[in-house]
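Here is how the chains run, residue by residue.
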Amino acid sequence: MIHFASNATGWYRPPATGLIPGGQTDRLIAPVHAHLTPGTYSIGRQPQQGAVNVYLSTRDRYTAASERRDRASVLYAHGIASKGYRDWPRSKTFSVVTCPGPAHADEVMASGAPPSRIAIIGYPKLDPLFRGEVDDTGIWADDDRIRVLYAPTHGGGSERYRHGNRAAPGARATSWWNRHEVLSLLDPDTFQVVLAPHPRHSPGGQATLAQYVRAHVVVADGGSTIYEAMALGLPVVLTSWLTAHRNLERAGGTLLEATVYRDRLGRHADRPEDLPDTIVHAAEDGPSSADTAFIGRVLPPALRGHSGKTLADLLTDLDRSTPCPS
């Protein structure tokens, strides 16, 4: 049996139970179990005894000694950002660490992981977008303004902090706490702005997906939406005056987020007053060749639209080849 162990953000909080439809976990695993035989997989909040358990968060987000429940274990991190989730000191108890592409795999190997424990599987969440299966009805108005998707990452802290934690180090990697400042800089006569919060903050725990359809520019900071937008061919603008410092220093500057800021990938607003013109130029010029080359190593084109099947095949092979304990 293959069992998907949700992270808390994708799971209803008591007294409600179950997976949030359209939430973070649902968007990540639905394109995978679409390629699994019914009856060969299950979904829960915690890992299942004797299963090939697929974890959407690091071990410390689950019940203590969760590895005792595993027949085999797969780390399938809950986003495409780096953030150190897959680094070997945190992931070495998993049988397999999955990576979207070579860029993440290189980072994980640099942290000490043997190549034999790494599998490149793409990023299933975006499969429906690459296949043109996502309806954006009701999101964008039909007018001539520049359509700006503002998609900040969460406000720091662990899953214990439902609404974020300003005091957490990660809070400085996001513009979430300054979102009113960011929004106030964009003239509504020029820009049509849709705010897409991280699922931890969004109404009903919804993950960003349909908002990408027909967007002209994505404003991001230090999370998965940087890479999701780039992979979809959308120009990205970074709120660098707020978020560059923390993203450059996090984990000693070894993360992909540091590469984005250090190499000036995407477009960077270094002062608040620069944001409107930076967005206009991004909408006019689109992604740079450097952006395209970078995202090609983060999420290879060959896996776009096919990642769910790639991971499903990996899990099926692992389920068949791993003996059940006596």
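Owing to the predicted nature of the structure, the values given are computational and were not obtained by experimental measurement.

Asks: It is not clear to me how the overall build of the protein chain should be interpreted in this structure. Could you clarify?
Replies: Secondary structure summary: the protein chain contains 11 helices and 11 strands in total. The C-alpha radius of gyration of the protein chain comes to 19 Å, within 12% of the 20 Å expected for a compact globule of 326 residues. Along the longest, intermediate and shortest principal axes, the C-alpha atoms of the protein chain span 65 × 40 × 40 Å. When the 326 residues of the protein chain are sorted by exposure, 58% land in the buried category. With 34 positive and 33 negative side-chain charges, the protein chain shows a spacing of 10 Å between the two charge centroids.

Asks: I would appreciate a short explanation of the side chain of Gln211 in the present structure.
Replies: Within the secondary structure, Gln211 is located in the loop between β8 (191–195) and β9 (217–220). In this structure Gln211 comes out as buried when scored by relative accessible area, which is 18%. In this view, Gln211 contacts Ile139, Trp140, Leu149, Val194 and Ala196; residues no more than four positions away in its chain are not counted.

Asks: Is there a simple way to think about helix α9 (residues 275–285) in this case?
Replies: Residues that lie three or four places apart on an α-helix share one face, since the helix turns once every 3.6 residues. All of the buried residues in α9 are Leu275, Pro276, Thr278, Ile279 and Ala282. For α9, the arc enclosing every buried residue in end-on projection is 165°, short of the 170-degree limit, so these residues lie on one face. Residues of α9 that are exposed and point more than 90 degrees away from the buried face comprise Asp277, Glu284 and Asp285. Once α9 ends, the next one or two residues include Gly286, with phi positive near 75°.

Asks: I keep staring at the nonpolar core and nothing clicks. Help me out?
Replies: Side chains of a nonpolar character, in soluble globular proteins, are inclined to be buried together. Among the nonpolar cores identified, the biggest contains 66 residues, and Tyr76, Leu149 and Tyr227 are the most heavily contacted of them. Considering every element that reaches this core, the biggest residue donor is helix α6 (residues 224–231), with five residues. In this structure Tyr227 touches Ile80, Ala81, Leu256, Glu257, Val260, Phe294, Ile295 and Val298, once residues within four positions along its chain are discounted. Listed in part, the 14 residues of the second largest apolar core include Val182, Leu186, Trp241 and Ile279.

Asks: Which parts of the structure should I look at to understand the sheet that holds strand β10 (residues 236–238)?
Replies: In any sheet, the strands associate via hydrogen bonds between backbone groups, in a parallel or an antiparallel arrangement. In spatial order, the strands read β8-β7-β9-β10-β11; together these five strands make up an open sheet with parallel pairing. At either end of the open sheet lies a strand with only one pairing partner, and these are β8 and β11 (267–268). Here strand β7 (residues 146–150) pairs with β9 via three bridges, running parallel. Bridged to Tyr150 within β9 is Val219.

Asks: Honestly, the packing of aromatic side chains in this entry has me stumped. Any pointers?
Replies: To describe a pair of aromatic rings, one takes the distance between the centres and the angle between the planes. The final tally for this structure, using the stated rule, is four aromatic pairs. Ring centres of Tyr55 and Tyr62 lie 5.0 Å apart, and the angle between their planes is 85°; this geometry places the pair in the edge-to-face category. Side by side, Tyr55 and Tyr62 carry an identical accessibility label, which is buried. Note on Tyr55 and Phe94: the rings are 5.2 Å apart at their centroids and 65° apart in plane angle, and the pair reads as edge-to-face. Here Tyr55, found in strand β3 (residues 51–55), pairs with Phe94, found in the loop between α2 (88–91) and β5 (96–99); they are 39 residues apart in sequence, far enough to count as distant.

Asks: Could you clarify how one ought to interpret the sheet that holds strand β1 (residues 2–5) in this entry?
Replies: Strand order in the open sheet formed by six strands is β2-β1-β3-β4-β5-β6, with parallel pairing between adjacent strands. Only two strands of the sheet have a single neighbouring strand rather than two, namely β2 (41–44) and β6 (118–120). Taking each pair of neighbouring strands and ignoring which way they run, the sheet shows an average axis angle of 25°. In terms of strand pairing, β3 meets strand β4 (residues 70–75) through five bridges, oriented parallel. For Ala51, the partnering residue across the bridge sits in β4 and is Asp70.

Basis of the calculations
Throughout, a residue's number is its position along its own chain's written sequence, starting from 1. For this predicted model, a pLDDT threshold of at least 70 governs which residues receive local features, and a threshold of 80 or more governs which side-chain atom pairs are given and counted, while totals over whole chains, interfaces and linings are taken from all residues. No hydrogens and no water enter the side-chain calculation; it runs on all heavy atoms of the structure. Counting from the N terminus, the helices are the DSSP runs of H or I reaching at least four residues and the strands are the DSSP runs of E reaching at least two. Based on C-alpha atoms, the radius of gyration is set beside the globule rule, defined as 2.2 Å times the residue count to the power 0.38. Exposure classes here rest on a 1.4 Å probe applied to the protein chains alone. A residue is buried below 20% of its type maximum, exposed above 50%, and partly exposed in between. Under the counting rule used here, the positive set is Lys and Arg, the negative set is Asp and Glu, and His together with the chain ends is not counted. In plain terms, the charge of a residue is placed at NZ if it is Lys, CZ if Arg, CG if Asp and CD if Glu. Throughout, a residue-residue contact means that at least one pair of heavy atoms, one from each residue, lies within 4.5 Å. Directions drawn from the helix axis to the C-beta atoms are what define this arc. Joining through side-chain atoms within 4.5 Å is the link that ties buried Ala, Val, Leu, Ile, Met, Phe, Trp, Tyr and Cys residues into a set, and such a set is a nonpolar core. A pair of strands is labelled paired if DSSP reports no fewer than 2 bridges between them. Aromatic rings from Phe, Tyr and Trp, with only the six-membered ring used for Trp, were paired whenever their centres fell within 6.5 Å, and each pair was classed as stacked if the ring planes differed by under 30 degrees, edge-to-face if by over 60, and tilted otherwise. Only C-alpha atoms enter the line fits that serve as axes; for helices the fit covers just the stretch in contact. Angles between N-to-C directions range over 0 to 180 degrees.

Just distances and angles here, no functional claims.
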